[in-house]
Structure formats: structure tokens, C-alpha cells
Amino acid sequence: MKLGRVTLVSGIDTGVGKTIVTGMLAHQMRERGQDAITMKLVQTGNVRSSEDLEQHRLLMGGIRFPEDAAGLTAPQIFAYPASAELAARLEGKRVDLRKIVRAVNRCAAAHRHVLIESAGGLFVPLTSRKLTIDLAREQGWPILLVTNGRLGSINHTLAAIDALIVRKIPLAGVIYDWAPDVPPEIDRDTPRAIRRFLRQRGLDVRVENVSRIQIPEPRPPVSSTAAIAYDRSRIWHPYASLKDAPPVRLAQSASGDEIELADGTRLVDAVASWWCVAHGHNHPAITGAIRRQSERLSHVMFGGFTHEPAIRLAHKLADFAPRGLDRVFFADSGSIAVEVAVKMAIQYQHAKGRTRRTRMLSLKGGYHGDTACAMALSDPDGMHTLFAGMMPKHFFAEKPRIPFGGRWHEDAAASIREAVEAHRDEIAGIICESILQAANAMSFYHPAYLRLLRQLADENDFVLVFDEIAAGFHRTGPLWAHQHAETPRHPVTPDVMAVGKALTGGHLTLAATLASGKVADTISNGTPSAFMHGPTYMANPLACAAACASLDLFAQSDYAAKAKTIETSLRRGLEPARRLPNVRDVRVLGAVGVIEVERLPARTEIDRIIDTTGVWLRPFANFIYAMPPLTTSAEHVNRITSAMVGLARCPPGPPPADGGFHE
Ligand SMILES: *Cc1c(COP(=O)(O)O)cnc(C)c1O
């Protein structure tokens, strides 16, 4: 059955079993955990004292219609058993259709499914001007048609279906009951004739016997436990198997730095929901902006249209971006922003007539996303080796060896210089995560690498792309991580920069690729002049509005200071981990704290620590790390570091079968 939120159950005649069908359907749906309520469109015939009413109530599962004191399940009741129009007229009244529609809508707002039993058939008059079918058409209610196997039923049923087709009213299904006193040949012929007719009219609609009504949807969740069991068997989670799926927790709401679960447990979100929740969950300034925007324009294609949120966001981004990066391409996720950056680099070289320059130089130990092009730029020995066969081949220099704060020496540049030397004519651009290699290595490298890459890009006219998707927006302290490499007299500005994650403060998916005038103009002067990319949801207005509100928050207070405060607490709190046997290194930069271990504890230990400390951690590979919202309170940062140290204290677990790259 193709039931709508509201479905009108109508019969081809009175007495065909509408009430039974409505009640059975609702009963079955509720059995399966679906929230269904039934009501009558209008009730005619004074049934208040009759057995009918009792039966009706029983079938309806004892549901009381909210506004009727008598407990009847109809918004309008008339005593005389006739058409609603006549029954009302005999009482000197009119059927109030507005009242009926209001009542239906109120039920629909409170319940997942509303099954309305019509009074009689589709052509029964409700008022002197409107028939039941007219109301159904106006309201867009699909019809579930109830029929039986009596002589004459085929005629009535096909006529009713035809009337629906003519009026473009959807038919949710046809249900027939056996008729007790007709020969079985006739009885059985009814569904056959109906199915044939539907086929001929090109309608894919089910025709079922009442005894075999089946709600076709799989059993939906009825409790948290059932919900989670369902989830684990049917829904893929990031980097997870559907067989022996790892545990998931049922999140219900979130605010500030906490996530609340269905059972009321609250967890401090030490990973800012994958590093994007910068200002805290459900920040009222951002949710308010989304709500206001949704009342005007939720989406419009960006081909041929523009809108105020996109223009405002472009302005704001240009203010935030390094000087000169004032051209913007809006992408729907970080991975796409990276793909766009690479296409820009290649199109730039193409426009300059260097058609052999189609590859990127990237650094090992990096991560740039999960789409094909972004995977191909990520560490070649990391989590994407399975797909090596289909990925474009790029060039890699060795993973930056000299850590942030370490002593720079020129040897560290050798691998990068060699790659450039060997492949100069094939390299379109260089891409790296600035300073923070996050999802692959959880490490901070020396800023001199960025200065070196800038110099090599200048010497060879490579497009230099900084991926600031994880590190941007104060995650490592300054607004952009590459600012660690700058002095007032020596800016290290990329030609293209990808931003994402915290852009909307973790409220909607949006990323952006920012380009310099030089790159944009070169592409625009080439052939093709158009930049060849354009996702369906490009510059979605809701996401742009969220990002504008998020950038306003960044502008309104000192986030560098917030990151510094968190850095101080992380340093102090994680220090004791250094002495633990399973720990290789402890490092902190800005609002990123990492304990690198020999081997992660077993899954059960990780869950035990999460449950006992109330801190949500998501360790991967060899890393127990925190990247909390930048607004996390000092007290909560302390809870986070104790939980991390507690976890580092647990015995190492079994070696992971798959490298453990579950970021
Ligand atoms: C998360 C991330 C991406 C990918 O962003 P998605 O929005 O997950 O596609 C790319 N680069 C870096 C550095 C990231 O951290």
C-alpha cells in the first residue's frame, strides 16, 4: 500500500468493510511500531449508544478524537443515517469542511500516519457543492479503495478508479473482502478484473484481500534497542561493516559541547563531531539563521540563479581568507572542495598551454577526503589502498619528518625537491594539509615545509593548494594553520585553499574552494573559459545562511584565545600520559591533543571508558585524540584529558585487522 501521511479509506458502497479495513490497517501498523491514528471524516447516524460504536472503538484501538468529549473519532457528527450533506441539512446545519481539514491536519501533525474513514463512497455529497472526492482532490489525500466480490462490484470499483485517474488523485491500493453469499467464481473474478484494469491503465497499485493486508515496509524501530539493532543491520556507518557492525549510540539532541542520547546520558563531544562543531552544537545563532532562511528560500539551482546568502557568504569569506583569495566556488563537502581545487590547478595549466601538467604533488601522511580524486591524493599506504587500481596517479613526497617545534634542516626538503626535479613538466600543482596532518597521521609538521612549497610553486608556476578543511578556523590556534609559517614581512599565501568542516559550525554540509585572482583569471582566459564543475546543491541557501552565522560568531569573539586556553589545558592534562608504557608520543597544538599509542586498547575498553567518563572519544589507528568544540569549558577539557589518559592506561588490544584507519 502506498499510504500517505494522510490516507482516505473509501468504499465503492456502504457496508463493504471500510471500518474493518481501516481498523486492521491501523492495528497492523501500530503492531509494527508505526505511529498510525484513525478517524472518521464525518459520522452520520446517531451511533453514540449503538453496538456499532463499541465495535468501531474496539477496531480503532480505543483512540479518542482529541476535541470530542463524547470520545467519538470524528470531528463532525450528525444523528440521521444519510449522506453527510442531508444529515446536516436535517439538523438545520452544514458540514463544516474547514473544521474537518483542521482536525485532520492536527492529527497529521501529531502522528506519522492518519487513516481517515470516509462516510460512504467517493461520490457522497459532503455539502451541496462538494463531494467526498472533491475534498480528497483539494487536500491531495491518496485513496485506499475498499471493495468486495458482490455482483456489480467490478463495475463500481472500475468506475471509482477511473474517477481517481481523471482527477489525478493517487490510488494507495485496493482492498477487497470476500462476500459471504456469492459463488466463489464471481468472488475470485473481482480482484482479477481490477488488476487487469489497473495494468491496462499503467498503474502499479496493489490489490489485496483483506485477510492479507501487509504493510510492506520493513519492521521499523519500536525502542532504542530495536532501533539500534535495525540500524546496525541496515545502515552503513562511516568505515564500518554491516556484519558485526561496531556499536552505535542513539543521539537525540545536542547543545554546547554535549550530545544527549536517547536514554538521557550526556557525552562531552571531544571530537566536535569530526571537528566541525566549532561554536558548540545547535548554536541558536546558527539554527536561527537556518530557520529564518528556510522560511524564504531553502534551495534554488545555482545555474542561472544567485541569492543573498551566497553573496553575503562570499563577501565574508573574502574577509576571512588570506589576502587575494577572493574568488569562491561553493562545494557540498570537503572532498568535493578538494576535487574542485585539483580541477582548478589542472585547468590553470591547460589554459597556459601546458597540457601535460595533469598531476598533483602531494605529501605522504595526508588525508584529503573519500571521493576518488581526494583519495588519490591521500596517503598511498593509508585507508584507501583497496581502490589503488581505479585512482588517478599522483606524485608523493615523503611524510614531513620534522615536527612542529622541531629543528629544521635542509635534508627534510630533499624528497620534495627530488619529486619536483623528476616530474616538473607533469605537475600542475602541489597540495597539502597545512601544518596539521589530521585524519591519517594526527601530527603537526614544521612550518618551513609550507615556505618551501610556496617557493617551489613560485619557481615552477605550480598551483599551491592548502587544504585547511580540518586545520582552518582556529583549530590549531590562528585563523588559518598556514599562518604559523608566516611573518608580517613574509606571507605564505596559497593560490587555492579548501575550507569546510567548521565553516557552518557543524550545522550543515558546506565547503568552499577559494582561489586567487591569478588562478581564476587564467582559467577564465583559457579554453574552455568556463570552470567545469557544478554540483546540484551548489551554494545551498540554508547552508550558506548557516555559514554566514558561523563566520559572524568567529568574528565576534577571540577564537585564537579560546584555542590557546584549550591548548594550555590539553598540555597540562595530557602530560601524565607520557610516562605510560603503551604511549609513544603526546602532542598538542591549538585545540588538538593527541596521545600516540603503540596499540589502541580493545573496543570493549574504549566503550567502557566512554561510558564511565561520559566523554565521547573516537580513537583510530594509533591515536587517542581530542578536537573539542572551541567553546568547550575548562572543566570539560579536563574531563576529556582524564578520559584520554585513562584510555591510554588500558592494556593494548589486539592488532587491528584492517590497519585501524577509522578516523
Ligand atoms: C575531512 C577532511 C576532508 C574531507 O571533507 P568531507 O567533508 O568529509 O568530504 C578533506 N580534507 C581534510 C584535511 C579533512 O580533514
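Note: the structure precedes this text.
Positions within a chain are numbered from 1, following the residues in the order the chain's sequence is written. The predicted origin of the model limits local features to residues at a pLDDT of at least 70 and limits the giving and counting of side-chain atom pairs to 80 or more, whereas totals for whole chains, interfaces and linings rest on all residues. To obtain the side-chain values, all non-hydrogen atoms of the structure were included, while hydrogens and water were left out.

A. Examining a nonpolar patch on the surface more closely. A cluster of nonpolar residues, Leu386, Phe387 and Met390, forms a patch on the protein surface that exposes about 340 Å² of accessible area. Mapped onto the fold, Phe387 is located in the loop between α13 (372–377) and β14 (395–397). Only residues whose relative accessible area exceeds 30% and that form no salt bridge are eligible for patches; like-charged ones are grouped when within 9 Å, while nonpolar side chains (Val, Leu, Ile, Met, Phe, Trp, Tyr) are grouped when within 5 Å. Residue-level accessible areas treat just the shown protein chains as cover; the underlying method is Shrake-Rupley with a 1.4 Å probe. The working definition used for a salt bridge is a side-chain nitrogen of Lys or Arg within 4 Å of a carboxyl oxygen of Asp or Glu. Per the convention used, a helix needs a DSSP run of H or I reaching at least four residues, while a strand needs a run of E reaching at least two, with both numbered from the N terminus.

B. The arrangement of the pattern of salt bridges in detail. Applying the stated criterion to the full structure yields 33 salt bridges. One salt bridge connects Asp585 with Arg578, and the closest N-O pair in it is separated by 3.9 Å. Where Arg587 meets Asp585, a salt bridge forms, and the shortest distance between an N and an O atom there is 2.8 Å.

C. Geometry of the sheet that holds strand β21 (residues 583–589). Pairing between strands requires that DSSP locate at least two bridges from one strand to the other. Judged by pairing direction, the sheet is antiparallel, and its 3 strands sit side by side in the order β21-β22-β24 without closing on themselves. One side of each edge strand has no neighbouring strand; the edge strands of this open sheet are β21 and β24 (623–626). If you compare each strand with its neighbour and ignore which way they point, the axes differ by 10° on average. Pairing of strand β22 (residues 592–597) with β24 involves 4 bridges; the strand directions are antiparallel. Within the sheet, the bridge partner assigned to Ile595 lies in β24 and is Ile624. Throughout, a residue-residue contact means that at least one pair of heavy atoms, one from each residue, lies within 4.5 Å. Lines fitted to C-alpha atoms define the axes here, with helix axes fitted over just the stretch in contact, and angles between the N-to-C directions of these axes take values from 0 to 180 degrees. Contacting β21, β22 and β24, helix α18 (residues 559–574) crosses the sheet at an angle of about 165° to β21. Its contacts with the sheet put helix α20 (residues 634–649) on β21, β22 and β24, and the angle it makes with β24 is roughly 175°.

D. Fine view of the nonpolar core. The definition of a nonpolar core used throughout is a set of buried Ala, Val, Leu, Ile, Met, Phe, Trp, Tyr and Cys residues joined through side-chain atoms within 4.5 Å. Only protein chains enter the accessibility calculation, which uses a 1.4 Å probe; a residue whose area is less than 20% of its type maximum is buried, one above 50% is exposed, and one in between is partly exposed. Grouped together as the largest cluster of nonpolar side chains are 141 residues, with contacts concentrated most on Leu313, Leu361, Ile416, Phe473, Leu503, Phe554 and Ile595. Among the elements that take part in this core, helix α17 (residues 541–556) stands out by supplying 10 residues, more than any other. Viewed by domain, this core spans two of them, domain 2 (248–281 + 560–649) and domain 3 (284–556), each represented by three or more residues. Apart from residues no more than four positions distant in its own chain, Ile595 is found in contact with Leu574, Ala577, Val583, Asp585, Val586, Asn622, Phe623, Ile624, Met644, Val645 and Ala648. Counting residues in each nonpolar core, the second largest holds 60 residues, with Val16, Cys107, Val114 and Leu126 among its members. For the domain bounds, the source is a domain assignment made automatically or taken from a database.

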